[in-house]
Each structure stands twice: as C-alpha cells, then as structure tokens.
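Results of the structural survey
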2 protein chains.
Amino acid sequence: MNKVTSNAAPAEILAGDFKAALKLTAEAVNAELDRLLPSVSEPEGYVVEAMRYAALDGGKRLRPFLACAAADLFDVPRTQSLRVAAAVEMVHCYSLIHDDLPAMDDDDLRRGRPTVHRQFDEATAILAGDALLTEAFGVLADPATHADGNVRIALVQELAQASGAAGMVGGQMIDLRAADLDLDDAGLRRLQNLKTGCIIACACRSGAVVGQASSERVEALGAYGIAMGLAFQIADDVLDVEGSAAETGKATGKDEAAGKATFVSRLGLEGAKNYARSLADDAVAHLAPFGAKASLLKEAALFAVTRRN
Amino acid sequence: MNKVTSNAAPAEILAGDFKAALKLTAEAVNAELDRLLPSVSEPEGYVVEAMRYAALDGGKRLRPFLACAAADLFDVPRTQSLRVAAAVEMVHCYSLIHDDLPAMDDDDLRRGRPTVHRQFDEATAILAGDALLTEAFGVLADPATHADGNVRIALVQELAQASGAAGMVGGQMIDLRAADLDLDDAGLRRLQNLKTGCIIACACRSGAVVGQASSERVEALGAYGIAMGLAFQIADDVLDVEGSAAETGKATGKDEAAGKATFVSRLGLEGAKNYARSLADDAVAHLAPFGAKASLLKEAALFAVTRRN
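Since the model is a prediction, treat every value here as computed from it, not as a measurement. Residue indices begin from 1 for each chain and proceed along its sequence in written order. The order in which chains are written sets their letters, starting at A; the order in which ligands are written sets their numbers, starting at 1. Given that this is a predicted model, residues contribute local features only at a pLDDT of at least 70 and side-chain atom pairs are listed and counted only at 80 or more, while totals for whole chains, interfaces and linings are drawn from all residues.

Only DSSP runs of H or I with at least four residues qualify as helices, and only runs of E with at least two residues qualify as strands; both kinds are numbered from the N terminus onward. On a plain count of helices and strands, chain A comes out with 13 helices and 2 strands. With 309 residues in all, chain A has 55% of them scored as buried. Looking at chain A alone, contacts between residues at least 24 apart form 67% of all its contacts between residues at least 6 apart. The burial label depends on the number of other C-beta atoms within 10 Å of a residue's C-beta. Counts of 20 or more mean buried, 12 or fewer mean exposed, and intermediate counts mean partly exposed, with C-beta atoms placed from the backbone. Contact between two residues is assigned whenever their backbone-derived C-beta positions fall within 7 Å.

Next comes the structure, spelled out in structure tokens:
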C-alpha cells in the first residue's frame, strides 16, 4: 500500500492516498477471492457460481482493507494477509446473501445487480451463503494462511466469535426484532456493534493476530474497529437521509420509512454527525501505539465519516 | 461405552450393547450441547432459543456416536471427544434447519415436532442455522477441545472440508437439481456421499484426529464412514419404501412420489438391500487394523442396514 508522508496534511491528499490504497486492496482481494473460489464443472458447481457471483461483486472491500492495513503494521506478507482478508470478506458476503433473502430484508437489488436469490434462486442463495461461511473457516485453517497452527486457530476463534450468535448473527436477530424491542441508545449501539462492528473489529484484530501481535495490540486494533464500525454505520444512516433528500426532495430515507430507529432519528442529523465524528476520533486515538505506521488506518476512520457514498 | 466381549456372537446381544452405547452417547452429547448453547437473556437470545430447539431435538445422535467411538480407539478423554461430537452434530442440525426451509424441502415437521421455521419463523431459522454452523467452528477452536492448536486446526479443516461446497452443501445442491441432472449410478452415489457420507466420515475422522492418530488410521476411519454412510442412506431409502408399504398399503414411499432417484428405484428392493449389506461389509473391513477395540463401530455398520426405523 502507499504510505502517507508525515507532512501530507491536506484532507484531499490523505483521502487520495487512502482511496488509492483501498482500491489496490480491493483489486488484490478480488483476485484472491477469484483464486480461492474456482469454478467447478461438477453438478454442484451451480452453488459455486452463486458464491462467486456474491463474492466477486465489486464492493468497496473495507473489511479486507482493514485486515491488510492492520497486518501491515506487523509486516505480515501480503500472501498471508490477503487470505485473512478474503476469509473475513467471505463472511461479510454470506451475511449479505442471507440478509437479502425474502424472509429477511427481501431485497431484489444489491449494488445495482440482482441479489443472489433473484439471479439464481432462493435455495441456491441459502446454500451459497452457507458454503461461503464454511469456506471462510477452511481458508483460515489452511497452512497457506500461516505456518503456525496456533496462529490459524486463533484466527478461527476470532472469526467464529465475531460472526455467530454473540456477534453478527445476534445483531441481525436484534435488528429483525427491533420494532418490538423498544431499544434505548445503549441498545441501539449494541445492535450496531453486533451487526456490523464485530466483523469490522474482527478484520482489524485478525490482521494483528496473523502478525502475532501482543494481546494489547490486538485489543487496541479491536477497539479501533468497534469505534470505526459504529462511525461508519452512523455515517450510513446520515447518507440515507441526506441522499434521499437530494435525490427525492423528501427529508426522510428508507430507514425512517421502515420505522427503523437510527442514531439520526434519535440525535437528529447534526447530533448524529457529531457522534460519528467523535467516534472516528476515538478510533484514531486507539492507533496511538502504532505511530505514523498507522496513517492509512487513521485515514480510513476519517473517510468513514466524510464519505459521500 | 460398553465393550462387546469377543464371544458375544448373537445379533441381539451385539445390537443390545451397541444400542446401549448409542443411547449413552446421545445422553452425553445432549448434555454437552445444552452446556455449549446456554440460553441468553439479551434480545438476541431468540436465535439462541431456536438453536437450542434444533440441537436438543432427541435425534439418534449417530454422528456424535461415531465421533466418540472413533476417539475411543485412541483413548481420547470423553470431555474432548464430546466437544468434537457436539461440533459435528451442530453442523448436522444446521443442515436440517436449512434443508427444511420453504425454499428447500419445505417440511413442517421433523421428528414429530414443528420444524424450526414453523416453531419460530423463517428468518430466525436461517439465522439459527448460520449460528450453529459458526458455533461448531468456535467449539473446535476452543482450547478445551485439545491443548494442541495444531490438533484443533486439523479438526477445523476436517469440518470445513466435509460441510462446504465440496461436501455436504455441494450434495444438497446436487440433490435440489437432481431431477434435471439425469444422474447415473456413479452420480447418485456421489450425491449421497457428498450430502450425507462426508459429514459421517468427518465424524469418524475427527475422532481419530483428536486422538492424534496416524494419517493411515484417519483414512481408514474415513473410508469406514463413507461406506457406512452410504449403507445407512440406502437403508433409509429401503425403509421409506417398506415403511410406507406397511403403513399405507402402498408399495411406494415419498422418495418415489417426489420422483427422486434412489438405489431402490435403480436396483429394486432386494438389490438395494444387497448393496447396503455389501457396503456394511466394506465398512467393517476398514476396521481390521483396530481389532476387537472397534467392535462398537462394527456393530454400528451392521445396525445401519438392519434397523427398522
């Protein structure tokens, strides 16, 4: 990745370097996912095509970027960090497939393309999600990820913890029941942390784990990820409102239309923006032990709250 | 587990000892699953209840039995083999939840109880399956499963390989497309091996892996599992036909009604029974290296083709 020079203060230059690094990581992880999910000519190849369709979809690859940037702090070879990044992204992609299903959010489009159950069918989408989740653990367990089995099993523990009932799946469960739960601010923050924060933090932590970092450094990057993830989510909610206002002339977006509580609905637009900015500052503070080497991660936190899409 | 004395030739005595051992394992793995999946009072506890509903459902626990019996060959402490057994069973239970979904087999009942999506709802069922699959890897990765991280990561590799697109999920994909595929005998055998054989073999192999067995012994137990799994599946198909004949007076069961090719439809009832018996013999032959210590596994293979339910 590009390194930011210490005097590159203006926001555009920082953002430029970060965006270039994000793009480079996206290209590298796309190639890695393409390699890790080869097409299969056997009859079950249909589910592999659905996995590939979902995984090679042109997303921003924020989680892979965070995994690679965290691993860079510990000089992890790119061949290893890309496998960790790809595994985390597989879990993210599986969660999107299942979240889009008719029984969940019932979305027909994602990033302008038909969702997996629309492009293939519902059964294949369920199976493709299942297989991507399974493959993520297979990738981490493979000796190519790290020669030391203790490192690989620590990565498996991180991913299982972040993505199961006590993490991402638990967050999705709360989200589905949110209308009945009357969540307070702490409850809403917990929902967001579980649903999206845990896996973002997992990306950061896993980069440190594959770098055999001390537990203090793993925790610091995890805390960065939780703060960064919540800032990113609140910025999403802000964009949902401001984007709609610009495009449709209405002041409300799909979250409000769906009756979903967000930090925008609780704190107002300015309050939510301020909260996101303070979270980005929190995230950056957790990077202090890493000094200038963590400048890309710092930019990522600032990008999370200044992006326009 | 009870040991079978070498002169216990009569089938009833053998079956009695096996059945007693199967029942003991089922009770022990039920307790283990109950312990590994504690209820949670937080809002996401709803998905945990669904996981518990699915996992604590009174199944035969054949896969846990095989994992424990294989581990017994290598004198693995029961505390360790039960964790391996519980992990494999979690994957089996997740696969049943997802297979029962409306988009898949659309079943309302399983073992006389409403299926998970009928008892809870479809979204919760999808999430409960996802979380059980994730938790299975979390259980294997936990140091309580084995002190050596290299053993635990080998278990993760076994489970990921057996349950993903190149294993169980791939088999389910083929099964869903079977009507369009015009499978020959080899294709049907491959479907069955992927859909049910791989995870049964995984149970056997994992018992050996947690016992740090040589790769030859792991392979022997895996070969036993594949033959045993196919025998078990064909016996299921036979029971589907004979059970229906006894209960309904019709000579055909739900497989034939659903237009599904089985070894019964291909080989006829007697041919299928003979094939299952020869597979059970194959399975038993793979146990030769283990001598009398493998008598329960031998019985399990014979039980697979002589059971009445």
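Another aspect to go through is the relation of the copies chain B and chain A. Alignment of copies: least-squares fit on C-alpha atoms of residues with pLDDT of at least 70 in both copies. Laying chain B over chain A is done by rotating through 180° and shifting 0.0 Å along the axis; what remains is an RMSD of 0.0 Å. These values place the two chain copies in the arrangement generated by a two-fold rotation axis. Counting the interface residues of chain B, we find that 100% of their copies in chain A are interface residues as well, pointing to one common contact surface.

Contacts between the two partners involve 42 residues from chain B, matched on the other side by 42 residues from chain A. At the level of secondary structure, the elements contributing two or more residues to the side of chain B that touches chain A comprise helix 2 (45–55), helix 6 (122–141), helix 7 (149–163) and helix 8 (168–181) of chain B. Tallying contributions element by element places helix 6 of chain B first for the side of chain B that touches chain A, with 12 residues. When the residues that make up the side of chain B that touches chain A are grouped by side-chain class, the tally is 25 nonpolar, 11 polar and 6 charged. Under the scheme applied, nonpolar residues are Ala, Val, Leu, Ile, Met, Phe, Trp, Tyr, Cys and Pro; charged residues are Asp, Glu, Lys and Arg; polar residues are all the others, including Gly.

All names here are of chain B. Only the stretch in contact is used when fitting a helix axis, every axis being a line fitted to C-alpha atoms; angles between N-to-C directions are given from 0 to 180 degrees. Running from N to C, helix 8 and helix 9 (residues 185–210) point in directions that differ by 150°, and their axes come no closer than 7 Å. By the angle between their axes, helix 8 is roughly antiparallel relative to helix 9. In terms of crossing hand, the pair formed by helix 8 and helix 9 is left-handed. Judged by residue contacts, Met 168, Gly 170, Gly 171, Gln 172, Ile 174, Asp 175, Ala 178 and Leu 181 of helix 8 engage Gly 187, Leu 191, Leu 194, Lys 195, Cys 198 and Ile 199 from helix 9. A breakdown of the residues in the contact of helix 8 with helix 9 according to their chemical character gives 8 nonpolar, 4 polar and 2 charged. Here the angle decides the label: under 35 degrees means roughly parallel, over 145 means roughly antiparallel, 65 to 115 means roughly perpendicular, and every other value means oblique. Each helix crossing is assigned a hand: it is left-handed if the near helix lies turned anticlockwise from the far helix by less than a right angle, otherwise right-handed if that turn is clockwise.

This brings us to the environment of A:Leu191. All names here are of chain A. Within the fold, Leu 191 resides in helix 9 (residues 185–210). The exposure class assigned to Leu 191 is buried, which follows from the 25 C-beta atoms found within 10 Å. The sequence separation of Leu 191 and Asn 30 amounts to 161 residues, and the corresponding C-alpha distance is 29 Å. Residue contacts for Leu 191: discarding those within four places in its chain leaves Gly 171, Ile 174, Asp 175, Ala 178 and Leu 183.

Further remarks concern the nonpolar core. Core membership is restricted to buried Ala, Val, Leu, Ile, Met, Phe, Trp, Tyr and Cys residues, and these are joined into a nonpolar core through C-beta atoms within 7 Å. Counting 228 residues, the largest nonpolar core has A:Leu159, A:Ala231 and B:Ala231 as its most contacted members. Those residues in contact with B:Ala231 that sit more than four places away from it in its chain are B:Ala276, B:Leu279, B:Ala280, B:Ala283, B:Ala301, B:Ala304 and B:Val305.

This brings us to unusual backbone geometry. In this structure, A:Asp75 takes a positive phi of about 55° despite not being glycine. Along the chain, A:Asp75 falls in the loop between helix 3 (62–72) and helix 4 (78–100). Note on A:Asp75: 9 C-beta atoms within 10 Å, which makes it exposed. In this structure, B:Arg61 is a non-glycine residue whose phi angle is positive, near 65°. Checked against the element boundaries, B:Arg61 lands in the loop between helix 2 and helix 3 (62–72). On the neighbour-count criterion, B:Arg61 (23 C-beta atoms within 10 Å) is buried.

Attention now goes to helix 4 of chain A. An expected span of 1.5 Å times one less than the residue number is assigned to each helix. Taking 1.5 Å as the rise per residue, helix 4 of chain A with 23 residues should run 33 Å; its terminal C-alpha atoms sit 32 Å apart, in good agreement. Buried residues dominate helix 4 of chain A, accounting for 20 of its 23 residues.

Turning next to helix 8 (residues 168–181) of chain A. Note on bend: the value at a residue is the angle between axes fitted to the seven residues ending there and to the seven starting there. The largest bend along helix 8 of chain A reaches roughly 40° and is located at A:Asp175. Within helix 8 of chain A, burial applies to A:Met168, A:Val169, A:Gly170, A:Gly171, A:Gln172, A:Met173, A:Ile174, A:Asp175 and A:Leu176. Considering only its buried residues, helix 8 of chain A is in contact with helix 4, helix 7 (149–163) and helix 9 of chain A together with helix 2 and helix 6 of chain B. A:Asp182 sits one or two residues past helix 8 of chain A and shows a positive phi near 50°.

This part covers the packing of helix 3 of chain A against helix 13 (residues 295–306) of chain A. Residue and element names in this part refer to chain A. At a closest axis distance of 9 Å, the pairing of helix 3 and helix 13 adopts a crossing angle of 150°. Between helix 3 and helix 13, the angle falls in the class roughly antiparallel. Our pair here, helix 3 against helix 13, has a crossing hand that is left-handed. Counted together, Phe 65, Leu 66, Ala 69 and Ala 70 of helix 3 and Leu 296, Leu 297 and Ala 300 of helix 13 form the full contact between these two elements. Split by residue class, the contact of helix 3 with helix 13 holds 7 nonpolar, no polar and no charged.

Quick look at the environment of A:Gln119 now. All names here are of chain A. Following the sequence through the fold, Gln 119 ends up in helix 5 (residues 116–119). According to the C-beta neighbour criterion, Gln 119 is partly exposed, with 16 such atoms within 10 Å. Between the C-alpha atoms of Gln 119 and Tyr 53, which are 66 residues apart in sequence, the distance is 8.9 Å. When residues no more than four places from it in sequence are discounted, the contact partners of Gln 119 are Tyr 53 and Pro 114.

All right, on to the environment of B:Ala285 then. Of note, B:Ala285 is situated in helix 12 (residues 263–285). Taking the number of C-beta atoms within 10 Å as the measure of exposure, B:Ala285 has 14 and is therefore partly exposed.

Residue and element names in this part refer to chain A. pLDDT expresses how confident the predictor is about each individual residue, on a scale running from 0 to 100. Overall, the predicted model of chain A reaches an average pLDDT of 91, with 89% of residues at or above 70. Every residue in residues 1–14 is under pLDDT 50, and counting partners more than four places away or in other chains gives 17 contacts. The ipTM, which scores confidence in the relative placement of chains, is 0.93 for this predicted complex, and the corresponding pTM is 0.93.

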